[in-house]
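Here's the letter readout for the chains.
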Amino acid sequence: MARAVAALNYGYSGLASTAFGNPDANISRPSSPEPTFQTLQLSGKPGVSFVGSCCREVTWPTTRNVFASNLLVAQSNLQAAFVGHAGKLVAWVTTTQGASKPVAGAKVQVYLSRYSQDFASLGPSCTTSAEGICSLDVSTNYDSSTQSAVITAPGEGPLVVASLPSGYSSNAGAYAAVIVLDRQLVKPGDDLHLTAYIQKRNGSVLEVAKDVTSVIIEVSPSFDSSSPSADNMRITAAVNTSFGSVHAKLPVPKDATPAAYTVQLYTVSTTTQSPVTAVVSAAPAPLEAAGPPEVLAMPKPARQPVPTPTAVAVAPFGDGVVPPKLPPLPAEQPGALLASAGFTVGDPRPPTATLSVDAPAWAKPTDSVTVKLTAASYIGSDVSGADITLEWQTDKAKGSVTSETNAQGIATAVIALGQLPKANQSEPGDTLRLAVTWIGPTREAITASKSVKYVLLIRFDMPLFGLGFGVSDLSVGIDLIT
């Protein structure tokens, strides 16, 4: 990565097209005016790839070809969350594959960028413990600077975090929390899965917040933008007090307005509503005729005792019906804001991955059918070591095969039709149906399907018109049905 970053410092003229030697993979744009979607295959392994668009010619200081545009693509199996408090950043590094696990020995290096400097300077660094946690002292940091980080671990690929918290919590409360969403772009009708972790501050130490047993999760603005008075989505979720974790599912309505939304995590504030009472003014008494008013001396006010709480007297309404006194009603309202995160609702959602199925065009009922499965990611995620499940079905049998992808995202599944019992074997002309599922990098199911026809077996072991044939049977192929 250091070599790639150094090579990008190419000055005003441009980066020479030969800076990295021959490319490992390349594609060419066709001359046709119609747009064509092409895929540039990356290595499939964690690491950094340089991607450049070639070329344009420059004449100074010498004539040569340079890249028209370029970027670095990092493929990583790492993810990280940061919590800032009292001038310190606590980093938590875990893996993205399967059930996320803490990464021990990962190096978290902070970089500082200032407007007055052309290059970022080194900031503090730390190495994660067995729990995947380490602490960075940013208390001397760093007026008018932007903090970013690069996280590296052996064999996992670098993770670039473009922006870090300041190290000082904006929440004056006693808790620190972080929200993790399973994706940033959600299609209407999908479920957005949320996980949050809540910790309690004890000086400079963060502990599990055992006193927070439930939280309120609110999504704003309302999914219905056509109604200004529509309420925001709000749910209450239980907290696992052993770990301070929250798991919730936020259903996005099918008619949700495509827009950017914010999900916020609050403590629960239980308030008591006052009893509802009716105050009715009594009609004034009729006036009676009286003589001249008598002037009396104002009596000295007596000492008034402190009243004790009593039941509220409710005056009758005009029809003489006295409404019952309502008891106090507890209501859960959002308390202190713990954390927030953003997501976007969009339709159609750009594809993040693709899955292709290569199967033979035909097969005998007793063949072993070999199916090639290829997983590819459009967002640079590693596709090695992924489980792809192939479910197959005929008119008389069905089953499933799970295969693991290699470094290029390729897996192979074999369906042993010949090992089926005689009663479950198919006849020529039947169909073998294939359905393939892969849980992609964004935790969504990527599916594909194919069908294979069984061929008719024609016997040629008997002479025809006195002519013999050198084969005993011939397989007649039928095209693949998609």
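Residues numbered from 1 in each chain as written. Predicted model: local features only at pLDDT ≥ 70, side-chain atom pairs only at ≥ 80, totals over all residues. Heavy atoms only, no water.

A few words on the state of the cysteines. Applying the stated rule across the entire model yields two disulfides. Put simply, Cys54 and Cys55 are joined by a disulfide, and their sulfur atoms are 1.2 Å apart. The exposure class assigned to Cys55 is partly exposed, which follows from its relative accessible area of 34%. Shown here is the disulfide that connects Cys126 with Cys134, its sulfur atoms set 2.1 Å apart. Residue Cys134 is classed as buried on the basis of its relative accessible area, which comes to 7%. Should the bonded cysteines of the chain be numbered as they appear in the sequence, the pairing reads 1-2, 3-4. (Disulfide = S-S within 2.5 Å. Buried < 20%, exposed > 50% of the residue type's maximum accessible area, 1.4 Å probe, protein only.)

What follows concerns the sheet that holds strand 24 (residues 410–416). With respect to topology, three strands assemble into an open sheet ordered 19-21-24, the strand pairing being antiparallel. The open sheet is flanked by strand 19 (353–358) and strand 24, the only strands paired with a single partner. Pairs of neighbouring strands in the sheet enclose a mean axial angle of 20 degrees, with direction left out of account. As judged from the seven bridges shared by strand 21 (residues 368–377) and strand 24, these two strands associate in the antiparallel manner. Within the sheet, the bridge partner assigned to Thr370 lies in strand 24 and is Val414. (Pairing = 2+ DSSP bridges. Helix = DSSP H or I, 4+ residues; strand = E, 2+ residues; numbered from the N terminus. Axes fitted to C-alpha atoms, helices over the stretch in contact; angles between N-to-C directions.)

Looking now at the confidence of the model for the chain. On average, residues of the chain score 76 in pLDDT, and 72% of them reach the 70 mark or higher. Confidence drops under pLDDT 50 across residues 1–7; counting only partners more than four residues distant or on other chains, this segment forms eleven contacts. Note on residues 272–327: pLDDT is under 50 here. Beyond four places in sequence and across chains, it has 21 contacts. (pLDDT = per-residue confidence, 0-100. Contact = heavy atoms within 4.5 Å.)

Right, let's get into the nonpolar core. Considering soluble globular proteins, one finds that nonpolar side chains tend to be buried as a cluster. In terms of nonpolar packing, the biggest core is built from 31 residues, with Ile198, Val215, Ile217, Phe223, Val263, Leu265 and Phe343 touching the most fellow members. Counting only elements with at least two residues in this core, the list comes to strand 10 (175–181), strand 12 (191–202), strand 14 (214–220), strand 15 (233–238), strand 16 (245–251), strand 17 (259–273) and strand 18 (329–345). Discounting residues that sit within four places of it in the chain, Ile217 has contacts with Leu194, Met233, Arg234, Ile235, Ala237, Val246, Ala248, Leu250, Val263, Gln264 and Leu265. Counting 27 residues, the second largest nonpolar core, distinct from the first, contains Val357, Ala397, Ala411 and Leu434. (Core = buried A, V, L, I, M, F, W, Y, C linked by side-chain atoms within 4.5 Å.)

How two aromatic rings sit relative to each other is set out by the distance from centre to centre and by the angle between their planes. The tally for this structure, following the rule as stated, stands at five aromatic pairs. Both rings, one in Phe50 and one in Phe67, keep their centres 5.2 Å apart while their planes meet at 65 degrees; by these two values the pair is edge-to-face. Here the residue Phe50 occupies a position in strand 1 (residues 47–58), and Phe67 occupies one in strand 2 (residues 64–75), the gap between them amounting to 17 residues. We classify Phe50 as partly exposed; its relative accessible area is 22%. Owing to a relative accessible area of 12%, Phe67 belongs among the buried residues under this scheme. (Phe/Tyr/Trp six-rings, centres within 6.5 Å; stacked < 30°, edge-to-face > 60°.)

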